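# Architecture at a glance
Residues per chain are reported as follows:
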Amino acid sequence: TMRSLIDRLQKEAQGTEIDHTNTPWYAFVALALVQLPVTQGLAWALGGGHLAVLAAIAIGMHVAGFIISEAIQSCYLFDITGEITFTVCIVYSFISIEGVPSHLQVACTVAGLVWCIRLGVFLFWRILSRGSDWRFDKLIKARGYNFFAWVAQGTWVWLQGFCLWTLNNGPAHVTASTVSEVPGLAIIGLAIWGAGFAIEIVSDHQKTAWNSKTKSDGQATWIKVGMWRFSRHPNFFGEMMLWLGLALACSGGLNVYGIILAMVSPVWSSFFLIFTSLMLLEKRMDLKFGTNPAYTEHCRTTSVLIPWWPEKARAKTQ
């Protein structure tokens, strides 16, 4: 099934993780620097102008974030820098629209901003309230690794917002020749966005309430209440769902070529979350609880991503 396939893929990816313990600093610097010409080359190949500016803003702000992190020897601003950068890019994309923005452009831009600001505030509040984050503690240990992570998040912002950049700033050959003010595809897409947004908010709230009972990284068990009863990562599922919805909504104003470009957003969102965020969390949980039979059973019966009814527990042998 799709659920078991995702679980198998993320487990296989755990062995391919690169960090400062297995990769030299100069490799990370090279991986970071190559993103600059690659994003600019793609931007000009796909439409130039505003796409190139957006790539420069996204990566430039993260290079500044890297410099600040090294100066203060902390990466606690990592998440909030990403969301501030995303907000700046969305605003730039909107004000760069030629002529009067359509209702569709306004609706999709607002949806993007609502998600971005909500997530940014939540993530910044979380790091301030909990005081530390194992991801950030790991980044600051090696400068080359840290530089790569900051630049990579800038590239993530640029790729993640592709549906918005295409709708608002794409060249004429990607826009639909005729489009109603609120096309049916946009309504469906925004409904999916709303459902995904709700799942992400509820999941974040439930885990925050659960985490509040212990100090950061001091949990002696794993969450299995609310949405987390049906998925080990319902917040990631909600985020993937909302980006699919937003891309579909944007597609209401695009032709086939434009729709293909807009689909970069949900495809990239799913790839990044499964093979980075989800994989790293699963790897950490496996190291912490992997020898616990109850956790092994939890993983067997609970979907790793797509919410689903838990499988029946195996009967205990006498």
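Report on the accompanying structure. Sequence order sets the numbering: in each chain, residues are counted from 1 along the sequence as written. Confidence filtering applies because this is a predicted model: local features only for residues at pLDDT of at least 70, side-chain atom pairs given and counted only at 80 or more, and all residues used for totals across whole chains, interfaces and linings. Values shown for side chains rest on all heavy atoms present in the structure; no hydrogens or waters enter the calculation.

## Some remarks on a nonpolar patch on the surface
To keep things clear, this is the line we draw: Exposure above 30% relative accessible area and the lack of any salt bridge qualify a residue for a patch; like charges then connect within 9 Å, and the nonpolar side chains Val, Leu, Ile, Met, Phe, Trp and Tyr within 5 Å. Note that accessible areas follow from Shrake-Rupley with a 1.4 Å probe, and for residues the cover is restricted to the protein chains shown. In the sections that follow, a salt bridge refers to a side-chain nitrogen of Lys or Arg positioned within 4 Å of a carboxyl oxygen of Asp or Glu. Strands here mean DSSP runs of E at least two residues long; helices mean DSSP runs of H or I at least four residues long; both are numbered from the N terminus. Any residue under 20% of the maximum accessible area for its type is buried, any over 50% is exposed, and the rest in between are partly exposed; the area is computed with a 1.4 Å probe on protein chains only.
Together, Ile68, Ile72, Tyr76 and Leu128 make up a nonpolar patch on the protein surface, roughly 360 Å² of accessible area in all. Its location among the elements puts isoleucine 72 in helix α4 (residues 49-72). Among the residues examined, isoleucine 72 registers a relative accessible area of 42% and is labelled partly exposed.

## Let's talk about the side chain of threonine 39
Selection criterion: In what follows, a contact means two residues having at least one pair of non-hydrogen atoms within 4.5 Å.
Inspection of the secondary structure assignment puts threonine 39 in helix α3 (residues 35-46). According to the relative accessible area criterion, threonine 39 is buried, its value standing at 4%. Discounting chain neighbours no more than four positions away, the residues touching threonine 39 are Ala55, Ile59, Thr155 and Trp158.

## With respect to the side chain of serine 96
Inspection of the secondary structure puts serine 96 in the loop between α5 (78-95) and α6 (103-130). Setting aside residues no more than four positions away along its own chain, serine 96 makes contact with His50 and Asn169.

## Quick look at the packing of aromatic side chains
Put simply, the test is: Side-chain rings of Phe, Tyr and Trp (the six-membered ring for Trp) are treated as a pair once their centres are within 6.5 Å; stacked means planes under 30 degrees apart, edge-to-face means over 60, and tilted covers the remaining angles.
Summed over the entire model, instances satisfying the criterion amount to 22 aromatic pairs. For the pair phenylalanine 78 and tryptophan 150, a centre-to-centre distance of 4.9 Å together with 75° between the ring planes defines the contact as edge-to-face. On the criterion of sequence distance, the pair formed by phenylalanine 78 in helix α5 and tryptophan 150 in helix α8 (residues 143-160) is long-range, its members being 72 residues apart. The same class applies to phenylalanine 78 and to tryptophan 150, which are both buried.

## Description of the nonpolar core
Nonpolar side chains in soluble globular proteins generally cluster together in the buried interior. As a reminder, the rule being used: Within this scheme, the nonpolar core is defined by two criteria: the residues are buried Ala, Val, Leu, Ile, Met, Phe, Trp, Tyr or Cys, and they are joined through side-chain atoms within 4.5 Å.
Formed by 43 residues in total, the largest nonpolar core has its most connected members in Phe86, Trp115, Trp158, Trp165 and Leu246. Among the elements that take part in this core, α6 stands out by supplying 9 residues, more than any other. Residues in contact with tryptophan 165, not counting those within four places in the same chain, are Leu51, Leu54, Phe86, Cys89, Ile90, Ser93, Val157, Trp158 and Gly170. Cys75, Ile127, Leu139 and Ile140 belong to the second largest nonpolar core, which has 16 residues in total.

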